[in-house]
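# Inside the fold
If you want the building blocks of each chain, they are given just below.
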Amino acid sequence: MTFARMKKGGLIAAAIASLLAAPAFAKVTVLGWPGGPEEAALRAAADTYNAKSDVSDDNKVELLFFNRDGFWDKLQADLAAGSTAFDVNLLATYSIGRYAPFMEPVTLSDEAKSVYGDQVLTTMQYEGEQFGVPTDLSLHFMYYRKDLIEALLKDDAAKARFAEISEKHLGKKLEPKTPDEWTWDDYAATALYFTQAVNPDSPTRYGTVLQLKNLLFNMMVFQSLPRAYGANWMDDAGKITVDSEAYRKGLETYKMLYDAGASPRDSLSYEYAEANAAYASGQVAAMVQWNAAASELMSKDKSPAVGEVTEAIAPPAGPEGRFTHIHGLGFGLNKNAANKEGAKAFISWLSSKEAALVYARNSGAPALTPDVVTEVAAERPDLVKLGEFAGKYGYVMNGGTSAKALSVYELQAKEFTGYWSGQQSLDDALKNTEKGMSDLLK
Amino acid sequence: MTTKTHRSPVSEFRLLTIPLVVFLLVFLGFPAIVNLVYSVSEVSFETLRRPEITGFGNFAAVWSDAAFWRASWFSFRFGLLTAVLECALGLFLAIFLAPLLERRSWLMAILMLPLMVAPALVGLMYRLVLHEFAGPVPYYLWAWFGASLSFLGPGSAFWTLIVVETLQWTPFAFLLFYMAYQAIPREIIEASSMDGARYHHRLWYIELPLMTPTIVVALLIRFIDGFRVFDNVYVLTGSGPGGSTASLSIYIYEAFFKQGAIGKAVAASVILFAASFAVLYGLNAIAARRKGATR
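Residues numbered from 1 in each chain as written. Chains lettered and ligands numbered in written order. Predicted model: local features only at pLDDT ≥ 70, side-chain atom pairs only at ≥ 80, totals over all residues. Heavy atoms only, no water.

### A closer look at the overall build of chain A
The secondary structure content of chain A amounts to 19 helices and 16 strands. Dimensions of chain A, computed from C-alpha atoms along their principal axes, come out at roughly 105 × 50 × 40 Å. Residues counted as buried form 58% of the 442 residues belonging to chain A. Across chain A, contacts joining residues at least 24 apart in sequence account for 73% of those joining residues at least 6 apart. Carbon and sulfur atoms make up 52% of the accessible area of chain A, which amounts to about 17,500 Å² in all. (Helix = DSSP H or I, 4+ residues; strand = E, 2+ residues; numbered from the N terminus. Buried < 20%, exposed > 50% of the residue type's maximum accessible area, 1.4 Å probe, protein only. Contact = heavy atoms within 4.5 Å. Areas by Shrake-Rupley, 256 points an atom, 1.4 Å probe, with all protein chains shown as cover.)

### Considering the interface of chain A and chain B
Size of an interface, as often reported, equals the accessible area lost when the parts are brought together. Taken together, the contact between chain A and chain B spans 32 residues of the former and 33 residues of the latter. Summed over both partners, the interface of chain A with chain B comes to about 2,600 Å²; 50% of that surface belongs to carbon and sulfur atoms. Viewed at the interface, chain B and chain A are joined by three salt bridges. Ionic pairing is found between arginine 127 of chain B and glutamate 271 of chain A, a salt bridge with its closest N-O pair at 3.0 Å. The interface formed by chain A and chain B holds 18 residue pairs in polar contact (both at pLDDT 80 or more) in total. Examining the composition of the side of chain A that touches chain B, we find that five residues originate from one element, helix α18 (residues 405–420) of chain A, more than from any other. Class assignment of the residues belonging to the side of chain A that touches chain B gives a composition of 11 nonpolar, 10 polar and 11 charged. (Buried area = accessible area lost by both parts, 1.4 Å probe. Salt bridge = Lys/Arg side-chain N within 4 Å of Asp/Glu carboxyl O. Polar contact = N/O pair within 3.5 Å; in protein donor to acceptor, adjacent residues only side chain to side chain. Nonpolar A, V, L, I, M, F, W, Y, C, P; charged D, E, K, R; others polar.)

### Remarks on the pairing of strand β8 (residues 140–145) of chain A
Residue and element names in this part refer to chain A. Within β8, six of the six residues are buried, which leaves the element mostly enclosed by the surrounding structure. The pairing of β8 with strand β10 (residues 284–290) spans five bridges and is antiparallel. In the sheet register, histidine 140 faces β10, and the bridge partner there is tryptophan 290. As judged from the four bridges shared by β8 and strand β11 (residues 310–313), these two strands associate in the antiparallel manner. The partner of arginine 145 across the bridge, within β11, is threonine 310. (Pairing = 2+ DSSP bridges.)

### Some details on the UniProt feature "transmembrane region" (unreviewed entry) in chain B
All names here are of chain B. With numbering aligned to this structure, UniProt lists the feature "transmembrane region" (unreviewed entry) at residues 20–40, 78–100, 106–129, 141–162, 168–184, 204–224 and 265–287. In the segment residues 204–224, helix accounts for 100% and strand for 0%; the C-alpha atoms at its two ends are 27 Å apart. When the span residues 265–287 is considered, its composition is 100% helix and 0% strand, and the gap between its end C-alpha atoms is 33 Å. (UniProt positions renumbered as here; feature names shortened; annotations may be inferred.)

### So, the domain arrangement of chain A
Residues and elements named next belong to chain A. Segmenting chain A into domains produces domain 1 (17–138 + 326–395) and domain 2 (140–325 + 404–440). Computed over C-alpha atoms only, the centres of domain 1 and domain 2 are separated by 32 Å. Contact with domain 1, which involves 13 residues of that partner, is made by 18 residues of domain 2. Summing both partners gives a buried area of about 1,500 Å² for domain 1 against domain 2, and 68% of it is carried by carbon and sulfur. When the buried area of domain 1 at its contact with domain 2 is split by residue, Tyr94, Tyr393 and Tyr395 rank highest and sum to 48% of it. Between the two partners, domain 1 and domain 2, sit zero salt bridges. Where the side of domain 1 that touches domain 2 is concerned, the elements lending two or more residues are β7 (133–138), α17 (381–393) and β16 (394–395). At four residues, the largest contribution of residues to the side of domain 1 that touches domain 2 is made by α17. Grouping the amino acids of the side of domain 1 that touches domain 2 by side-chain chemistry returns seven nonpolar, four polar and two charged. (Domains from an automatic or database assignment.)

### Observations regarding the nonpolar core
Membership of the largest hydrophobic core comes to 172 residues, with the highest contact counts inside it found for Trp72, Trp233, Tyr247, Leu257, Leu368, Phe416 and Trp420 of chain A. The element best represented in this core is α18 of chain A, accounting for nine residues. Domain assignment of the residues forming this core places at least three in each of domain 1 (17–138 + 326–395) and domain 2 (140–325 + 404–440) of chain A. Grouped together as the second largest cluster of nonpolar side chains are 23 residues, Met112, Phe174, Ile206 and Ile215 of chain B included. (Core = buried A, V, L, I, M, F, W, Y, C linked by side-chain atoms within 4.5 Å.)

### Points about the pairing of strand β3 (residues 88–92) of chain A
All names here are of chain A. Extensive coverage of β3 is indicated by the burial of five of its five residues. Alignment of β3 against strand β15 (residues 327–334), held across five bridges, turns out to be antiparallel. Within the sheet, the bridge partner assigned to leucine 91 lies in β15 and is glycine 330.

### A closer look at the UniProt feature "domain: ABC transmembrane type-1" (unreviewed entry) in chain B
Mapped onto this numbering, the UniProt entry gives "domain: ABC transmembrane type-1" (unreviewed entry) at residues 72–283 of chain B. As a span, residues 72–283 of chain B carries 76% helix and 0% strand, and end to end its C-alpha atoms are 20 Å apart.

### Focus on the environment of tyrosine 359 of chain A
All names here are of chain A. Within the secondary structure, tyrosine 359 sits in helix α15 (residues 353–361). Here the alpha-carbon distance between tyrosine 359 and threonine 135, two residues 224 residues apart in the chain, equals 7.7 Å. Polar contacts involving the side chain of tyrosine 359 include one to the side chain of aspartate 136, which spans 2.5 Å.

### Digging into the pattern of salt bridges
Working definition: two side chains of opposite charge can pair if their charged atoms are close together. Residues and elements named next belong to chain B. Applying the stated rule across the entire model yields 32 salt bridges over all chains. For aspartate 65, the salt bridge identified is with lysine 264, shortest N-O distance 3.0 Å. Of this pair, aspartate 65 sits in the loop between α2 (57–63) and α3 (66–103) while lysine 264 sits in helix α12 (residues 262–294), and the two are 199 residues apart along the sequence. The network of salt bridges with shared partners includes Glu86, Glu165, Arg222, Asp225 and Arg228.

### Some thoughts on helix α11 (residues 245–259) of chain A
Residue and element names in this part refer to chain A. End to end, α11 covers 20 Å across 15 residues, agreeing with the expected 21 Å (1.5 Å per residue, within 8%). The buried count for α11 comes to 11 of 15 residues, which makes it a mostly enclosed element. Regarding α11, the residues found buried are Ala246, Tyr247, Arg248, Gly250, Leu251, Thr253, Tyr254, Lys255, Met256, Leu257 and Tyr258. Contact partners of the buried residues in α11: α8 (156–170), α9 (184–193), β9 (206–208), α10 (216–228), α18 and α19 (426–440). Just past α11, the residue glycine 261 takes up positive phi, approximately 85 degrees. (Expected span 1.5 Å × (residues − 1).)

### Brief notes about helix α5 (residues 119–129) of chain B
Looking only at α5 of chain B, the buried set comprises Val122, Gly123, Tyr126 and Arg127 of chain B. For α5 of chain B, the angular spread of the buried residues around the axis is 140 degrees, confining them to a single face. (Arc of directions from axis to C-beta.)

### A look at the side chain of asparagine 218 of chain A
Summarising the element assignment, asparagine 218 of chain A is placed in helix α10. Here the side chain of asparagine 218 of chain A touches tyrosine 270 of chain A through a polar contact of 3.2 Å, landing on its backbone oxygen.

### A look at the side chain of arginine 202 of chain B
Residue and element names in this part refer to chain B. Mapped onto the secondary structure, arginine 202 falls in helix α9 (residues 199–227). On the basis of relative accessible area, arginine 202 is assigned to the buried category, the value being 16%. Side-chain polar atoms of arginine 202 contact the side chain of serine 193, separated by 3.5 Å. If we skip the residues at most four places from it in the chain, arginine 202 touches Ile189, Ser192, Ser193 and Glu207.

### Overview of unusual backbone geometry
Residues and elements named next belong to chain A. Residues other than glycine seldom take positive phi values, yet glutamate 127 does so here, at roughly 50 degrees. With respect to the helices and strands, glutamate 127 occurs in the loop between β5 (125–126) and β6 (129–130). On the basis of relative accessibility, which here comes to 69%, the residue glutamate 127 falls in the exposed class. At serine 363, a residue that is not glycine, the phi angle is positive and equals roughly 80 degrees. For serine 363, the location among the structural elements is in the loop between α15 and α16 (370–373).

Written as structure tokens, this is what we have:
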């Protein structure tokens, strides 16, 4: 081979290599939560953003989706490996601390505070810095059968039976109340009354359905009960406070209900889907469940047995008030983003009122302030309740956004389900949880 | 004039094995070394590239962790019980159905169907089938008896998992045994019949001894598969209330991903590797001794 031919070949190879190496055009890649309403909402938001005249071709948004199974583990591995496959990634309240080392704080639009409110913005904060836009909020509702409760409230004989049952199981005579006035004891008494194992005349097989599978998300559903009695993960000095009367009360209430048969025997393997199926069968009177279930449980098409007679309110109250555990999904900035400026611009826009309304109108679940939510109230009445409950009753436990928050929920799931299933005592469960949390949150 | 180079068979062998050696070094050796380093290090997702070697603390943590021993005991019991049940059922079916299958070989395809389903999907399927309000089994139990069993409750979850695993993998054992049964020379069977051997004598003194090597291999394969179970158990019950249905694989997975205790998870897998190696080495030694004794 002559030198000239070698040179020519080399030049061609270099040209091909440079063509392959250069991207067709720069873009902002957004990694979203696949399937479900979040994906539909994100697609609509991205389309709106890309159609804006002031967004250059270099900064158009492209979407990327992993499978839901193992999503957070895969994201963790990708972020830790310094992936540049996405510029903006999904973020959850309980995982901010875990991903924060691989992400950058973001600056939201000037409208963000008036669109979401301080309480909701905290779901995307870690160590005082904002790491994302809170696009979807999850909290819990108390779903109940209004037909059953109304019948109970009208029937004197039923009220007497109710008092008898509450005295036997809770040690005090209680009267049936409307669910808006329920304390956790009222909820427990109602659940027992509507349980055939306790009250053979009950129209439903079970009074409630508890999600007791050893799963971190089930612990989120549980937290609002002890929280109403003043529970927190740790005090301001960082001391773990889980071995408390408040947690004791919550754990004992669940165990009493499970042991009495007020929740299906297989509840220890139940999570979101199983609980919904149980409630939708018409054999359950009330349950605490994620707000996302509203569209399913309150629809006569999707849940013919209960859709028209189901109401959703905030979870019951305790001595410290009424609480609902909130956590958000949102979008933050990958530290290794290839198009960081484009990503920042998209995140800023995503926190604007325009984006929030597009997101809300397309199945998303942003918790919006009363002024903003009125603009979509006709199309999304559920968002009115979401925003109201988040503002009034929403809370995040101390340490709930820390790097080990997920591990804390995992630990609680293991220890608490161990107690509920009768494999260990309450004292051991609380002692083990406190010790584990001390190691995790030190 | 050309010179022809002759290589010895040994050097040719070495040359040809280079790709395999490189493959093993890259895909097995490197991860093994990394794992050994992680097992004696303080390491997290943030420090994967710069683990801090801290000694044998991870091994001590695993060794003193009641959950590790509980998971080991679960895996051992699960592996042993499912292996025995699958082999017993597979053997029974292989012998019982052999005459039928000789005439209707297409039935084999139906019997093999459970093997075609991914274990995670099997878990998902039974999660639905056994659900009190959506599943057909509890539905009919309620309809006929006014009550239903708690299939996945604390007292029954283990046995439900055993049944699910056995139903899926019995066809595998059946396939091996059927092939071994078919391979028994017909002349031996005919000769024993002519000598007046009855059916159970033939089974006990001729067929089963001839099938013994296959039975041992099937038991071993099924035990290993059952011991390392993950998919269907994880989908059906997770690690169970209080970790009661956590197998060793689930224990390691949860330590690694859920707790972020990478060093501890890797230390557990190193202990598992060492234990497996010791058991297999022991079995190999016993087999070699028996082979020597029969010569």
